[in-house]
Amino acid sequence: MADILFTAQAKAVGGRNGHVTSENGVLDHKLVMPKGNTPATDGTNPEQLFGAGYAACFDGALNLVASKEKKEINSEVNAKVSLIKDPKDNGFKIGVVLHVTVKGASQSEAEELVQKAHQVCPYSKATRGNIDVQLIAKGE
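Residues numbered from 1 in each chain as written. Predicted model: local features only at pLDDT ≥ 70, side-chain atom pairs only at ≥ 80, totals over all residues. Heavy atoms only, no water.

1. A few points about the sheet that holds strand β6 (residues 132-139)
Applicable threshold: By the convention used here, strands pair only if DSSP detects at least 2 bridges between them. Secondary structure elements are taken from DSSP: a helix is a run of H or I of four residues or more, a strand is a run of E of two residues or more, and numbering for both begins at the N terminus. Fitting a line to C-alpha atoms yields each axis, with helices limited to the stretch in contact; the angle taken between N-to-C directions then spans 0 to 180 degrees. Residue contacts are counted whenever heavy atoms from the two residues lie within 4.5 Å of one another.
Pairing within the open sheet is mixed, and its three strands lie in the order β4-β5-β6. Because the sheet does not close on itself, it has two edges, and the strands there are β4 (74-86) and β6. Put simply, the sheet's adjacent strands are angled 15° from each other on average, direction ignored. For β4 and strand β5 (residues 91-103), the ladder comprises 13 bridges, and the chain directions are antiparallel. Bridge pairing links Lys 85 to Phe 92 in β5. Against the sheet, helix α2 (residues 107-120) contacts β5 and β6, and its axis sits at roughly 145° relative to β6.

2. A few points about the packing of aromatic side chains
Note the cut-off: Between the rings of Phe, Tyr and Trp (Trp by its six-membered ring), a pair exists once the centres lie within 6.5 Å; its type follows the angle of the planes, with under 30 degrees stacked, over 60 edge-to-face, and the other angles tilted.
Tallied over the full model, the rule gives four aromatic pairs. Aromatic rings pair up to connect Phe 50, Tyr 54, Phe 58 and Tyr 123 into one cluster.

3. A short note on the confidence of the model for the protein chain
Threshold: Per residue, pLDDT measures the predictor's confidence, with a range of 0 to 100.
Chain-level statistics for the protein chain give a pLDDT mean of 94 and a share of 100% at 70 or above. The least confident element of the protein chain, judged by mean pLDDT, is strand β3 (residues 28-30) at 95; the most confident is α2 at 98.

4. Some thoughts on the pattern of salt bridges
Proximity of charged atoms lets side chains of opposite charge pair with each other. The condition that has to hold: A pair is scored as a salt bridge if a Lys or Arg side-chain nitrogen falls within 4 Å of a carboxyl oxygen belonging to Asp or Glu. Whether a residue is buried, partly exposed or exposed follows from its accessible area with a 1.4 Å probe, protein chains only, as a fraction of its type maximum: under 20%, in between, or over 50%, in that order.
In the structure shown here, the tally under the stated rule is six salt bridges. Note that Glu 69 is salt-bridged to Lys 116, the shortest N-O span being 2.5 Å. Of this pair, Glu 69 sits in the loop between α1 (46-68) and β4 while Lys 116 sits in helix α2, and the two are 47 residues apart along the sequence. Where Lys 116 meets Glu 112, a salt bridge forms, and the shortest distance between an N and an O atom there is 3.0 Å. Pair noted here: Lys 116 and Glu 112 are both in helix α2, with a separation of four residues, about one helical turn. Judged by relative accessible area, which is 42%, Glu 112 ranks as partly exposed. A network of salt bridges, in which partner residues are shared, links Glu 69, Glu 112 and Lys 116.

5. Side note on the pairing of β5
Connecting β4 to the next strand, β5, in antiparallel fashion are four residues, including Asn 90 with a positive phi near 60°. Summarising the sheet, β5 and β6 pair through eight bridges and their orientation is parallel. Within β6, the position partnered with Val 100 by the bridge is Ala 137.

6. Side note on the sheet that holds strand β2 (residues 19-22)
With antiparallel pairing, the three strands of this open sheet are ordered in space as β1-β2-β3. Edge strands, defined here as strands with exactly one partner in the open sheet, are β1 (10-13) and β3. Taking the axes of each pair of neighbouring strands and ignoring which way they run, one obtains an average angle of 10° across the sheet.

Written as structure tokens, this is what we have:
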């Protein structure tokens with residue numbers, strides 16, 4: 001690997017019906033398999049955890065891009081991560097829709113900033129070509 005800036009560590013035990021923790025203890029969650037399209041209320045799941053990470057990373061990338069262009073924005077990223085049947089192997093895969101609200105930007109500016117953020121976001125780089133990611137930008 002290239003120059004590592006930092007390394008985060010998380011551990012899962014018991015798969016989708018287990019438990020996940022981070023090395024510093026801040027992340028400490030029961031994992032629960034959702035039933036249908038209704039989120040469980042007594043635990044989280046890998047899709048929620050992935051969505052939280054992607055949303056945070058993408059928002060950081062968006063704000064970095066905006067600051068380099070000297071644009072003052074307030075933004076919110078809502079990641080919807082779906083578990084999808086994969087017809088190729090009859091297994092499963094994930095898909096992501098990122099709903100991005102950019103306050104302080106016109107619709108066209110928001111769309112441009114979101115596209116640029118998608119090019120630099122580490123999660124976007126990691127998923128590019130591997131999963132379907134849809135970007136929905138809204139300027140306000």
